[in-house]
Every structure is written in C-alpha cells, then in structure tokens.
Amino acid sequence: MITFDRVSKRYAEGHEALREVSVELGRDELVFLTGHSGAGKSTLLRLIMLIERPTRGQIIIDGENLAKVKARGIPRHRRNIGVVFQNHQLLFDRTVFDNVALPLVIAGYEHREIGRRVRAALDKVGLLARERALPITLSGGEQQRVGIARAVVAKPRILLADEPTGNLDPALSAEIMQLFEAFNQVGVTVVIASHDLALISRLRHRILTLREGRLVSSGG
Ligand code: ADP
Ligand code: ADP
C-alpha cells in the first residue's frame, strides 16, 4: 500500500511540481498516471524512489513513513522497487543475461542464485532464448522486455514505469502492458506513467490524472 498525504514538491528553482497530492494505491493495484508533459508524473515516481523528497506532506509505503528513511536506508528501500524507463537504459556492450543480472550482482547475490533468477525473469518476458544476445541485436519491444526483466529480477513489491511504451508502436505497447498486468496479478503494486490515453483507457485500471501538479482525477 502506497499512501500520499497532501504531498507537495517544490524544486530548488521554485517550480511547484506537485501540489497537495493525496491518494492511496492498494497493494494489488495497477494504476496509470497520466497528464501533459510537466504535470508532475516523473516527480511523483521520483518521490516513491526517494530520488527526491517532498517539500510538504507524507508518503507512507506499507506502514513506513518515507520521511524516516535516512540516506543510508535508501539502497534497502530501492531494493523493493523495480523501475522501467522509456529508453531502456541497457548496457549495450553486455549480453541480455548480464543486463538483467546487474541488480543482483550489485546486491551481492550468489552466482548460482543469479543464474536461476535471471533465467526465471527472462522466461517471464519471453526472452529466455536470447540470454546470450547483445541488446543492439534486439528489436525495440524486445529491448523494453529486457528492461522489464531487469526491473523484476530481484522480486520487488513495487514496479514503477516512466513512459514505458513511449517509443513503441500500438501492438507492441499493448504487449508490454500485458506483461505489467501479469506481474500485477502475482501481487506487485504497479504504477505506470503514460500519456498514451488511447492505450490506457482501453485497459481496465484506475487512472490518476495530474494537471500542473494537482491530482484532478483518481477514478477509473
Ligand atoms: P512529467 O513527468 O509529468 O512530465 P515532471 O515531474 O518531470 O513532469 O515535471 C513537473 C514539473 O517540475 C515541470 O514543470 C518540470 O519542469 C519541473 N521539474 C522536474 N524536475 C525538475 C528539477 N530537477 N528541477 C526543477 N524543476 C523540475
Ligand atoms: P528526464 O530528465 O528527461 O525526465 P531522465 O533520463 O533524467 O529523463 O530520467 C527519466 C526518469 O527516470 C526520471 O523522470 C526519473 O523518474 C527516473 N530516474 C532518473 N534517474 C534515476 C535513477 N538514478 N534511479 C532511478 N530512477 C531514475
């Protein structure tokens, strides 16, 4: 469960990116976050990841007030969160396997456990056969699936995606959304920032709409 209680965020330059946002996201929910460019979508995700801190208000995740998480607690906090980016942010000189393994290597998992988990994640996104491939040889949709496998390989409770289908055609975008739904169905809270209203309004999930930093709709 993620709770935002009257959260405002003002950046150093004085711009108020979020204004008094209050919302509750259930443990088993998949929600879309929409709004024009600059509406505050990425800021909301960055606050959950503790890349940024709110100026006012509180964020509570599974009973823990993020204000209480000090700098040294941030890596542990982030281990519960998988993140998917629009531009994949893959390492192009490493294999698919190595890209997906990266979070586990950083977290110090044992060699055999890494192999087991990486193959399980690649299997879930349908890319087990490509583990030795270099990302450059994959299509855009496949690269995005590698990004998703990397985001889920450490079994996070929360999956955040910032415009994950921004560079994909409608058919591939729908496939990527189905993958997010599959992870949601096994109990992962999923928050997807997207301005692709045509796509997200066809899927039956709650849509949160931001306008100039204010939450103007949190309905379905
Ligand atoms: P969105 O993801 O909906 O496009 P953002 O959260 O990226 O919106 O941005 C919300 C507002 O905050 C925008 O006006 C943007 O220019 C501003 N903003 C975002 N990041 C920063 C930053 N690091 N410093 C100052 N202003 C920022
Ligand atoms: P932009 O500044 O154009 O929004 P970035 O490439 O800087 O694009 O970041 C895209 C998004 O990825 C950001 O909005 C932020 O939410 C997220 N992000 C950026 N840096 C990190 C990081 N080090 N760890 C996790 N997420 C990040």
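Provided above is the structure to which this section pertains.
Everything numeric here is computed off the predicted structure, so don't read it as measured data.

Caption draft 1: Here's a closer look at the site of ligand 2. For ligand 2, the full set of nearby residues is Ser 42, Arg 46, Met 49, Ile 51, Phe 85, Gln 89 and Asp 162. Ser 42 is positioned such that a nitrogen or oxygen atom in its side chain is 3.4 Å from an oxygen atom of ligand 2. Asp 162 places a polar side-chain atom, nitrogen or oxygen, 3.2 Å from an oxygen atom of ligand 2. Calculation on ligand 2 without its partners gives an accessible area of 540 Å², and the protein chains cover 45% of this total.

Caption draft 2: Spatial organisation of the site of ligand 1. Around ligand 1 sit 13 residues, and of these Glu 13, Gly 38, Lys 41, Ser 42 and Thr 43 come closest. In the environment of ligand 1, a nitrogen atom lies 2.8 Å from a nitrogen or oxygen atom belonging to the side chain of Glu 13. Contact between ligand 1 and Gly 40: an oxygen atom at 3.0 Å from a main-chain N or O atom of the residue. When isolated, ligand 1 has an accessible area of 560 Å², and the protein chains bury 69% of it.

Caption draft 3: Representation of the sheet that holds strand E1 (residues 2–10) in the model. One open sheet holds the four strands; their spatial order is E2-E1-E4-E5, and the pairing between them is antiparallel. Both outer strands of the open sheet, strand E2 (16–25) and strand E5 (64–65), are each paired with one neighbouring strand and no more. Across two bridges, the pairing between strand E4 (residues 56–61) and E5 is antiparallel. Directly across from Ile 61, in E5, lies its bridge partner Glu 64. Contacts from helix H1 (residues 41–49) reach E1, E2 and E4, with the element oriented near 115° to E1.

Reading the values: rules and limits
All residue numbers refer to position in the chain's written sequence, counted from 1. For naming, the first written chain is A and the first written ligand is 1, with later ones following in the order written. Given that this is a predicted model, residues contribute local features only at a pLDDT of at least 70 and side-chain atom pairs are listed and counted only at 80 or more, while totals for whole chains, interfaces and linings are drawn from all residues. Side-chain calculation: all heavy atoms of the structure are included, whereas hydrogens and water are not. Proximity criterion: a residue is near a molecule or strand once any of its heavy atoms comes within 4 Å of it. By the criterion applied in these results, polar contacts are pairs of N or O atoms within 3.5 Å in which, for protein atoms, one can donate a hydrogen and the other can accept it, and in which residues neighboring in sequence qualify only through two side-chain atoms. With residues, only the protein chains shown are counted as cover, and all accessible areas are computed by Shrake-Rupley using a 1.4 Å probe. Between any two strands, pairing holds if DSSP finds at least two bridges. Only DSSP runs of H or I covering at least 4 residues are called helices, and only runs of E covering at least 2 are called strands; the numbering of each starts at the N terminus. A contact between two residues is defined here by any heavy atoms of the two lying within 4.5 Å. Angular values range over 0 to 180 degrees, each being the angle between N-to-C directions of two axes fitted as lines to C-alpha atoms, with helices fitted over their stretch in contact.

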